[in-house]
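Breakdown of the fold
These are the residues of each chain, in order.
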Amino acid sequence: MSAQTAAQLEMAELLVEALNLEDIAADEIAPDESLFGDGLGLDSIDALEIALAISQKYGVQMQAEDESTRKAFTSLATLTDFVQANKSK
């Protein structure tokens, strides 16, 4: 398990808060762990909640039909990278 960057920890904290994850601390989410399926076990409703939280905090709009959005939801690291690359300056 690799250590989180400061940006990844901030994103993990947003995930924990937005999804009310009570069984996991933000610093326990591995950057390369899958967010869905066998990883954190999130589902499509969780993805909507995350997208809304990211939009409110960073001003980044995530479109479900966009392939780059789907790829962004692969892991904490890819989601953080996507938001960092697309957030309002």
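To keep things clear, this report deals only with the structure shown in the data block. None of the values given here were measured: they were computed from a predicted structure.

Cut-offs applied
- Residues take numbers from 1 onward in each chain, read along the sequence in its written order.
- Side-chain atom pairs in this predicted model are given and counted only at pLDDT of 80 or more, local residue features only at pLDDT of at least 70, and totals for whole chains, interfaces and linings cover all residues.
- Note: side-chain values were computed over all heavy atoms of the structure, leaving out hydrogens and water.
- Helix and strand assignments come from DSSP, with helices taken as H or I runs of at least 4 residues and strands as E runs of at least 2, each series counted from the N terminus.
- C-alpha atoms define the radius of gyration, and 2.2 Å times the number of residues to the power 0.38 defines the globule rule.
- Each residue is placed in one exposure class: buried if its accessible area under a 1.4 Å probe, protein chains only, is under 20% of its type's maximum, exposed if it is over 50%, and partly exposed if it falls in between.
- Contact between two residues is taken to exist if any of their heavy atoms lie within 4.5 Å; hydrogens are not considered.
- Under the convention used here, Asp and Glu are negative, Lys and Arg are positive, and both His and the chain ends fall outside the count.
- Working definition for charges: the position is that of NZ of Lys, CZ of Arg, CG of Asp or CD of Glu.

Details of the overall build of the chain
Regarding its fold elements, the chain presents 4 helices and 0 strands. Listed by position from the N terminus, the elements making up the chain come as α-α-α-α. For the chain, whose C-alpha radius of gyration is 12 Å, the value lies close to the compact-globule estimate of 12 Å for 89 residues. The buried share of the chain, reckoned over its 89 residues, is 36%. Of the contacts made within the chain by residues no fewer than 6 positions apart, 55% connect residues no fewer than 24 positions apart. With 5 positive and 17 negative side-chain charges, the chain shows a spacing of 13 Å between the two charge centroids.

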